[in-house]
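What follows is the residue order along each chain.
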Amino acid sequence: MANILVVDDELGIRDLLCDILNDEGHTVELAENAAQARAARHRERPDLVLLDIWMPDTDGVTLLKEWSATGALTMPVIMMSGHATIDTAVEATRIGALAFLEKPITLQKLLKAVEQGLARGSPRKQVAPLPGLMSPRVDSLIKVSEIVGVNHEAVADLGPQSTQNFMLDKPLREGRDEYEKAYFEFHLTKENGSMTRVAEKTGLERTHLYRKLKQLGVNLSRTKRN
């Protein structure tokens, strides 16, 4: 997992992103302004930075320019803003930002942008630009490919499978509980134990999901693949 620096002057945004990224297994460092971001960048050497544009002392674009000019832009940077224009997004990507996320940031877009950013590594080592869509929306600068690869030789190691056999000669409640347990175990294994992703896939609130798994007796420690 990665070390991610989140830079945003809004406490609620920092806490939300921290919770989501921690749940995905990442280590998160928080900064509320450019001064703290500089110190964290020097101290932690993050693998990825989520950088807000509008901050009270030094804005995110200025900080990005500073890192670029001093050779400190050695990690992917994803810009964030709820009030930025297309010109601002274009300027940020020209300076070296990998992508741009428009607030409010959806869970799916955040996780996909982080995944893509970590996969691409340092922006200085990349030749091809970030794939994007020419659209008036800022968040359309990010285009994520939904590609799923399956290693059929490793299927036996994936835990609960998508096809299950159930005994029908039993009370409805028992049969339903058996199905639901297999259903949640399958999705937990598929998402490597990420409660955030499973909640999104199944359409349940996380608190409801936790209660449901406890009720069904699902062992969460067994659903994480090494």
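Here the structure is shown first, and the text comes after it.
Residues numbered from 1 in each chain as written. Predicted model: local features only at pLDDT ≥ 70, side-chain atom pairs only at ≥ 80, totals over all residues. Heavy atoms only, no water.

1. Thoughts on the pairing of strand β2 (residues 27-31)
Logical step 1: Pairing between strand β1 (residues 3-7) and β2: five bridges, direction parallel. Residue pairing in the sheet places L5 in a bridge with E29 of β2.
Logical step 2: For the crossover from β1 across helix α1 (residues 11-23) to β2, the handedness is right-handed. (Pairing = 2+ DSSP bridges. Helix = DSSP H or I, 4+ residues; strand = E, 2+ residues; numbered from the N terminus. Right-handed = clockwise from strand over helix to strand, strands pointing away.)

2. Regarding the packing of helix α2 (residues 34-44) against helix α3 (residues 60-69)
Logical step 1: One way to put it is that α2 packs onto α3 with a least axis distance of 11 Å and a crossing angle of 30°. With respect to each other, α2 and α3 are oriented roughly parallel. Helix-helix and strand crossings are classified by hand; for α2 and α3 the assignment is right-handed. Taking contact as the criterion, the partners of A34, A37, R38 and R41 in α2 are, on α3, L63, E66 and W67.
Logical step 2: The residue inventory of the contact of α2 with α3, partitioned by class, reads four nonpolar, no polar and three charged. (Axes fitted to C-alpha atoms, helices over the stretch in contact; angles between N-to-C directions. Parallel < 35°, antiparallel > 145°, perpendicular 65-115°, else oblique. Left-handed = near helix turned anticlockwise from the far one by under 90°. Contact = heavy atoms within 4.5 Å. Nonpolar A, V, L, I, M, F, W, Y, C, P; charged D, E, K, R; others polar.)

3. Some details on unusual backbone geometry
Logical step 1: In this model, K103 is joined to P104 through a cis peptide bond whose omega is -5°.
Logical step 2: On the secondary structure map, P104 appears in the loop between β5 (99-102) and α5 (107-120).
Logical step 3: Positioned with a positive phi, N192 is a non-glycine residue whose angle comes to about 55°.
Logical step 4: Residue N192 is classed as partly exposed on the basis of its relative accessible area, which comes to 36%. (Buried < 20%, exposed > 50% of the residue type's maximum accessible area, 1.4 Å probe, protein only.)

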